[in-house]
Every structure is written in structure tokens, then in C-alpha cells.
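# Breakdown of the fold
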Amino acid sequence: MSGSPPVVIWEHEVERLLQYRELIPRLEEALGKFSKRDSAEVIQPVRSTVPLQKHDGFLGLMPTYMENDGVLSTKLVCFYNREAGSSLPGVQATVVLLDPEYGNVKAVIDGEVITAMRTAAVSAISAKLLMHPEAEVLAILGTGKQALSHYNVFTEIFPFKEVRVWGRTREGAERFVRSVGGAARACGSAEEAVRGADVIVTVTGSTKPVLFGQWVKPGAHVAAVGACRPDWREMDDVLMKEAVVYADSREGAIAESGDVVLSGAEVFAELGDVINGTKPALREKTTVFKSLGELMKTEPTSFIIPLHYGKSFSC
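Note that this is a predicted model, so its numbers are computed, not measured. (Residues numbered from 1 in each chain as written. Predicted model: local features only at pLDDT ≥ 70, side-chain atom pairs only at ≥ 80, totals over all residues. Heavy atoms only, no water.)

The element strand β4 (residues 71–80) is largely enclosed, with a buried count of seven among its 10 residues. Where strand β3 (residues 57–66) and β4 come together, 10 bridges link them in antiparallel fashion. Bridge pairing in β4 places L61 opposite L76. Here β3 hands over to β4 after four residues, with G70 in that stretch at a positive phi of 65°. (Buried < 20%, exposed > 50% of the residue type's maximum accessible area, 1.4 Å probe, protein only. Helix = DSSP H or I, 4+ residues; strand = E, 2+ residues; numbered from the N terminus. Pairing = 2+ DSSP bridges.)

This is the structure:
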């Protein structure tokens, strides 16, 4: 395989191959493996970054090695703090799969769909583990690609009776509602969207809090996806200190999450700890899942490749 040219898999093909019903169980398994800290299962350091000061962004490098599965990959992702209404993308991502024995590149995969679906799937896993089992109202703060992927997976696997959406502009929220066939309600303020909601998803590009603890009803679950830098925030100190905080990676949250770093909140557990049964799922309390998007880019990648080739291809 060392002499074979790398495969290039474009966005449209990733969309065709990647399905939530296959992705979620694989990610649950991977989260559990990660939290065991067994180097033969998963080695994934905290993301390293290179600032792109001229463009108000940064490049993140996210390698993972799964020795037992023979999978080595890295994700390269550029994040930008764009002005409201900018036509430029806020996130661009590429995933590279390598042969762990020879070191050559086996595949280059468009990372946009992988990023959107993997992140949303992990948020859905957090809700599956932590939200009240009779949750009826979902609020989404944000109207971009991550908002859409979260809407898609949350409405696919949970029977919410109401979905509310808020964006930085009313036009953006209404456009989002039209894009999902009118099956959600655009709200004029974040507070209007959040008040009384059972599950809240924050997928904004904000660097300052947009979600405040005084708005959040007791026992609600928050899946917080934005604010992936140590000086960025989506949530205020009140919420962070009153809620029980979970993360995909404890080390990642402590190093990279401004919501954790600036509030001084303690990370109670990783999702993998709950999956492994070593920490409880405190459904009766207000919970926050802080997603850093670091975990398991290999999991979507490792079964996209066999599907692309047919089951005979070896990763």
C-alpha cells in the first residue's frame, strides 16, 4: 500500500456515505475508549494551534492514533472570527488518513461534513446520556452549518415537540426555519428561545456569552459547541458554576474552553466516563456538555474509506 496514490474523497461523497445511525454507536464506543486512557486504544493529544493573526483565525492540528485498530489520521481545521454577514467561511476542514506502518498518506477527505456530523452526533450522545427523558423543547442558538447538523440529528433521534431557533439576525433565523421546511420557530432573542427549553444547543461564533444562567430552567441540558478558544465564551459564569459540567476531553476543556477557563468551573466527567460507568449521568441536575470537537475524527474516517471502496478495502 505504500506506493499507492492517496484517495481523494469530496464533500458530496462523504454526505452519501456518512449516516448518523452508523456514526453514533461508533462514536459512543470511541468516547469510552478515549476515557480509559489506554494508549493501545487511543492516543489523541490536545489540539495544537497556529494563529492566523492577519485573518483573525487559527489553524488547528488534531492527530489521532488507534493502535489496536491500525488507524492513524489527523484533521487540519481553520477557524475564523468573521464579521456578521460575511460571505467567507468560518470553518474549513480537511482530514488526512495515513498508513501507520509506512507513514504514507492513504486518503485526503473533505472535512466539512465530517466536522458537522461528528460534532452534532457527540452532542446528541450527550443529550441521550444527560437530558431529562421526557424532554420536549429544543432550543438552538446559531444558524450556520453546525446548527443545521444539530437540528438534523436531534430531530432524527429524539421526539421533540417544539424546536426554537435564534441567530444574530432575525433574517438568519427565519432563513434557517425555511431551510428545515418550517419545522422550527424563529425567536427574536436568545432569551425567548431558551426560556423553558429542556435542551439547549449553542453553536455560535460568539466570543462573548450569549447564554445566561438566569434564563436556563433547572434540569435543562446544554450542549455547548462554540467558543473553542481559551478567551472565547458562549455561557456566563452563573450557568457554568451552577451546572454539572461534562466534556469530551477533560484536558481539552481545561486548555481550550474559555467557558471553563474563565469561569473556573470544574469538569465533573467526560462523556466516556459515563459510557464506561465510572461516573454518573446526573439527569436531575442542570448539565452542560462542553464540546471541543477534538475526539475521534478517525471514527467517521475509518468507515468512510471501506464504504468508498466496498468492504474489501483495509484501513
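Between its first and last C-alpha atoms helix α2 (residues 20–35) spans 22 Å; for 16 residues at 1.5 Å apiece the expected length is 22 Å, and the two agree. For α2, every residue scored as buried is listed here: Y20, L23, I24, L27, E28, A30, L31, G32, K33, F34 and S35. Positive backbone phi, at 55°, marks R37, one or two positions downstream of α2. (Expected span 1.5 Å × (residues − 1).)

With the rule as written, the count across this model stands at 19 salt bridges. Taking the shortest distance from any N to any O, the salt bridge between E256 and R47 comes out at 2.8 Å. Here the residue E256 occupies a position in helix α8 (residues 250–256), and R47 occupies one in the loop between α2 and β2 (48–52), the gap between them amounting to 209 residues. As far as the burial class goes, E256 and R47 line up, both buried. Here the salt bridges share partners, and the residues they tie into one network are E29, K33, E41 and D69. (Salt bridge = Lys/Arg side-chain N within 4 Å of Asp/Glu carboxyl O.)

Moving on, we get to the side chain of E256. Under the relative-accessibility criterion, E256 is labelled buried at 3%. Engagement of the side chain of E256 in a polar contact is seen with the side chain of R47, the distance being 2.8 Å. (Polar contact = N/O pair within 3.5 Å; in protein donor to acceptor, adjacent residues only side chain to side chain.)

Scanning all chains against the criterion turns up zero disulfides. C78 supplies the cysteine sulfur nearest to C228, a cysteine that is in no disulfide, at a spacing of 12 Å. The exposure class assigned to C228 is buried, which follows from its relative accessible area of 8%. (Disulfide = S-S within 2.5 Å.)

Another point: the packing of helix α3 (residues 112–130) against helix α4 (residues 145–157). At a minimum axis distance of 8 Å, the contact between α3 and α4 shows a crossing angle of 45°. Relative to α4, the element α3 lies oblique. In this structure, the crossing between α3 and α4 has a hand that is right-handed. In this structure, α3 contributes E112, T115, A116, T119, A120, A121, S123, A124 and A127 to the contact, and α4 contributes K145, Q146, S149, H150, V153, F154 and I157. (Axes fitted to C-alpha atoms, helices over the stretch in contact; angles between N-to-C directions. Parallel < 35°, antiparallel > 145°, perpendicular 65-115°, else oblique. Left-handed = near helix turned anticlockwise from the far one by under 90°. Contact = heavy atoms within 4.5 Å.)

A separate point is the sheet that holds strand β10 (residues 199–202). What the eight strands build is an open sheet, ordered β9-β8-β7-β10-β11-β14-β12-β13; its pairing is parallel. Either end of the sheet is taken by a strand with one partner, and the two such strands are β9 (185–186) and β13 (267–270). Strand direction decides the pairing type here: strand β12 (residues 244–247) and strand β14 (residues 287–290), joined by four bridges, are parallel. Bridging from a neighbouring strand, V245 pairs with V288 of β14.

Taken as a whole and judged by the stated rule, the model has seven aromatic pairs. Between F158 and F160, the ring centres sit 5.9 Å apart and the planes meet at 70°, which makes this aromatic pair edge-to-face. Considered together, F158 and F160 belong to a single accessibility category, that of buried residues. Here Y246 and F268 contribute two aromatic rings whose centre-to-centre distance is 5.7 Å and whose plane-to-plane angle is 75°, an arrangement assigned as edge-to-face. With Y246 in strand β12 and F268 in strand β13, this residue pair connects regions lying 22 residues apart in the sequence. Directly above the ring of Y80 sits R82, whose terminal nitrogen or CZ lies 4.0 Å from the centroid. Here K279 stacks its cationic end above the ring of F268, 4.9 Å away from the centre of that ring. (Phe/Tyr/Trp six-rings, centres within 6.5 Å; stacked < 30°, edge-to-face > 60°. Lys NZ or Arg CZ within 6 Å of the ring centre and 35° of its normal.)

Read across the sheet, six strands follow the order β1-β6-β5-β4-β3-β2 without closing on themselves; strand pairing throughout is mixed. Looking at which strands have only one partner, the edges of the open sheet turn out to be β1 (7–9) and β2. Each neighbouring strand pair of the sheet contributes to a mean axis angle of 15°, computed without reference to strand direction. Examined bridge by bridge, β4 and strand β5 (residues 91–98) share eight bridges and lie antiparallel to one another. Looking at β5, one finds that C78 is bridged to Q92. Strands β4, β5 and β6 (105–110) of the sheet are contacted by α3, whose axis makes an angle of about 95° with β5.

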